[in-house]
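# Structural characterization, general
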Amino acid sequence: MSDDPTTEARESPIDVAVVRRVADESGVPADELADALVVLDAELLGRHSAYEAEYDYVTASGRRAYLVDADEWESLTADLDVDGRVADAVRRAHAEQARLLFDAAVKSGRFDGDTAGVVVGVDTAEEMV
């Protein structure tokens, strides 16, 4: 497999530029990071209603970004079969993409050690009425 995350990243709600930047900064191969992001995206199915009820979120650019607590992030990624470096890169990619979406929606979010960003495509998010 090449180190070009373009195809895999298109299957996740994380921008290719974010995948490349986080991969470069973390030393994780971009294709490995992109693959892990796709797996995590599948894990997010069915969690949107709970996230919308419990956490702050924005919808921008066809995606939804949630600010979840650190415990929820750990629960979400507990079964992700990746090493620690890749898991950290996945968290960083979601956090960076969430920041970008909060900025695009002109809404500030509190990103710190107690929160984590989770980004999903609007087409996979359940619309709450």
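Residues numbered from 1 in each chain as written. Predicted model: local features only at pLDDT ≥ 70, side-chain atom pairs only at ≥ 80, totals over all residues. Heavy atoms only, no water.

Time to look at the packing of aromatic side chains. Applying the stated criterion across every chain yields a total of three aromatic pairs. Their ring planes at 75° and their centres at 5.8 Å tell us that tyrosine 51 and tyrosine 55 sit as a pair that is edge-to-face. On the accessibility criterion, tyrosine 55 (14% relative accessible area) is buried. Each member of the aromatic cluster is reached from another via a ring pair, and the members are Tyr51, Tyr55, Tyr57 and Tyr66. (Phe/Tyr/Trp six-rings, centres within 6.5 Å; stacked < 30°, edge-to-face > 60°. Buried < 20%, exposed > 50% of the residue type's maximum accessible area, 1.4 Å probe, protein only.)

Moving on to the pattern of salt bridges. The full count for this structure, using the stated rule, is six salt bridges. The salt bridge partner of arginine 64 is glutamate 52, with a shortest N-O separation of 2.2 Å. In this pair, arginine 64 sits in strand β2 (residues 63–69) while glutamate 52 sits in helix α4 (residues 48–54), placing the two residues twelve residues apart along the sequence. Taking relative accessible area as the criterion, glutamate 52 reaches 11% and is therefore assigned buried. Of the charged contacts, one joins glutamate 74 and arginine 91 as a salt bridge, the two residues approaching to 3.8 Å between their closest N and O atoms. Here glutamate 74, found in helix α5 (residues 70–77), pairs with arginine 91, found in helix α6 (residues 84–104); they are 17 residues apart in sequence, far enough to count as distant. (Salt bridge = Lys/Arg side-chain N within 4 Å of Asp/Glu carboxyl O. Helix = DSSP H or I, 4+ residues; strand = E, 2+ residues; numbered from the N terminus.)

Our focus in this paragraph is a negative patch on the surface. Side chains of Glu11, Glu32, Asp35 and Asp83 sit close together on the surface and give a patch of like negative charge. As for its placement among the helices and strands, glutamate 11 is situated in the loop between α1 (6–10) and α2 (16–26). Judged by its relative accessible area of 49%, glutamate 11 is partly exposed. (Patch = residues over 30% accessible without salt bridge, like charges linked within 9 Å, V, L, I, M, F, W, Y side chains within 5 Å. Areas by Shrake-Rupley, 256 points an atom, 1.4 Å probe, with all protein chains shown as cover. Lys, Arg positive; Asp, Glu negative; His and termini not counted. Charge placed at Lys NZ, Arg CZ, Asp CG, Glu CD.)

Turning next to α5. Burial in α5 covers these residues: Glu72, Trp73, Leu76 and Thr77. The buried residues of α5 occupy one face: seen down the axis, they fall within an arc of 125°. Buried residues along α5 sit in contact with α3 (30–43), α4, β2, α6 and β3 (115–121). The residue sitting at the N-terminus of α5 and contributing the capping side-chain oxygen is aspartate 69; that oxygen lies 3.2 Å from the backbone nitrogen of aspartate 71. (Arc of directions from axis to C-beta. Contact = heavy atoms within 4.5 Å. Polar contact = N/O pair within 3.5 Å; in protein donor to acceptor, adjacent residues only side chain to side chain.)

Spanning 14 residues, α3 covers 20 Å between terminal C-alpha atoms, matching the ideal 20 Å at 1.5 Å per step. Of all the residues in α3, the buried ones are Ala30, Asp31, Leu33, Ala34, Ala36, Leu37, Leu40 and Asp41. (Expected span 1.5 Å × (residues − 1).)

In this section: the confidence of the model for the chain. Keep in mind that low pLDDT regions are not for reading the predicted coordinates in detail. Residues of the chain with pLDDT of at least 70 account for 82%, and the chain-wide mean is 83. Across the chain, element-level confidence peaks in α2 with a mean pLDDT of 96 and bottoms out in α1 with 56. (pLDDT = per-residue confidence, 0-100.)

If you look at the biggest cluster of nonpolar residues, it comprises 35 residues, and the most contacted ones within it are Leu33, Tyr51, Val68, Trp73, Val90 and Val118. When contributions to this core are tallied by element, the ones reaching two or more residues are α2, α3, β1 (56–60), β2, α5, α6 and β3. Examining the composition of this core, we find that seven residues originate from one element, α6, more than from any other. (Core = buried A, V, L, I, M, F, W, Y, C linked by side-chain atoms within 4.5 Å.)

What follows concerns the environment of aspartate 31. Tracing the backbone shows aspartate 31 in helix α3. C-alpha separation for the pair aspartate 31 and valine 19, spaced twelve residues apart in sequence, amounts to 8.8 Å.

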